[in-house]
Amino acid sequence: MARKAKKRRYSRSAGSDVESEMRRYKKGTAKSGRGGRGGRVKSRKQAIAIGLSKARKKGKKVPKKASKRKTAKKTSKKKTTRKSSKRKSSKR
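Note that the structure is predicted; figures quoted are calculated from it, not measured.

### Section: the overall build of the protein
Working step 1: If you tally the helices and strands in the protein, you get two helices and zero strands.
Working step 2: Sorting the 92 residues of the protein into buried and exposed places 17% on the buried side.
Working step 3: Within the protein, counting contacts between residues at least 6 apart in sequence, those at least 24 apart form 49% of the total.
Working step 4: Total accessible area computed for the protein in this model is approximately 10000 Å², and 50% of it derives from carbon and sulfur atoms.

Here you go:
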């Protein structure tokens, strides 16, 4: 069987945006928040997220953010028969 060629999920230019953000992170100049007014970026994941966010704003090919899926739980209602036990009152 012939294998299908996998599609690129991210554009190369989006990768370059992430790459430049990682350089800023490693240098220690990457800042978070609106206009870079927040604190210093402390994690690699955060730096990648900022790079992808910048790429999205420029209109580059980046997959949508993972949305919080509401999983419908299958609840099987079992009828439980409870024995009604009356407590014996002890007289003192």
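From this point, the discussion proceeds with the structure in view.
### With respect to the nonpolar core
Working step 1: If you look at the biggest cluster of nonpolar residues, it comprises eleven residues: Ala 14, Val 18, Met 22, Tyr 25, Ala 30, Val 41, Ala 47, Ile 50, Leu 52, Ala 55 and Val 62.
Working step 2: Sorting the residues of this core by element identifies α1 (12-27) and α2 (44-57) as the ones contributing at least two each.

### Considerations on the side chain of Ser 32
Working step 1: Residue position: Ser 32 is located in the loop between α1 and α2.
Working step 2: With relative accessibility at 16%, the residue Ser 32 sits in the buried group.
Working step 3: When neighbours within four sequence positions are excluded, Ser 32 is seen to be in contact with Arg 37, Gly 38, Gly 39, Val 41, Gln 46 and Ile 50.

### With respect to the pattern of salt bridges
Working step 1: Under the criterion given, the structure shown has five salt bridges.
Working step 2: The residue Arg 23 makes a salt bridge to Glu 19 at a minimum N-O spacing of 2.9 Å. Residue Arg 23 and its partner Glu 19 are both found in helix α1; the two are separated by four residues, about one turn of the helix.
Working step 3: Note on Arg 23: relative accessible area 53%, which makes it exposed.
Working step 4: For Lys 54, the salt bridge identified is with Glu 21, shortest N-O distance 2.9 Å.

### Re a positive patch on the surface
Working step 1: Taken together, the side chains of Lys 4, Lys 7, Arg 8, Arg 12 and Lys 61 make up a positively charged region of the molecular surface.
Working step 2: Within the secondary structure layout, Lys 7 lies in the segment before α1.

### Section: α2
Working step 1: With 14 residues, α2 extends 20 Å between its outermost C-alpha atoms, agreeing within 8% with the 20 Å of an ideal straight helix rising 1.5 Å per residue.
Working step 2: Of all the residues in α2, the buried ones are Ala 47, Ile 50, Gly 51, Leu 52 and Ala 55.
Working step 3: Count one or two residues on from α2 and you reach Gly 59, which has phi positive near 85°.

### Quick notes on the environment of Lys 65
Working step 1: Topologically, Lys 65 is positioned in the segment after α2.
Working step 2: Owing to a relative accessible area of 64%, Lys 65 belongs among the exposed residues under this scheme.
Working step 3: Between the C-alpha atoms of Lys 65 and Leu 52, which are 13 residues apart in sequence, the distance is 9.9 Å.

Each value, and the rule that gives it
Residues numbered from 1 in each chain as written. Predicted model: local features only at pLDDT ≥ 70, side-chain atom pairs only at ≥ 80, totals over all residues. Heavy atoms only, no water. Helix = DSSP H or I, 4+ residues; strand = E, 2+ residues; numbered from the N terminus. Buried < 20%, exposed > 50% of the residue type's maximum accessible area, 1.4 Å probe, protein only. Contact = heavy atoms within 4.5 Å. Areas by Shrake-Rupley, 256 points an atom, 1.4 Å probe, with all protein chains shown as cover. Core = buried A, V, L, I, M, F, W, Y, C linked by side-chain atoms within 4.5 Å. Salt bridge = Lys/Arg side-chain N within 4 Å of Asp/Glu carboxyl O. Patch = residues over 30% accessible without salt bridge, like charges linked within 9 Å, V, L, I, M, F, W, Y side chains within 5 Å. Lys, Arg positive; Asp, Glu negative; His and termini not counted. Charge placed at Lys NZ, Arg CZ, Asp CG, Glu CD. Expected span 1.5 Å × (residues − 1).

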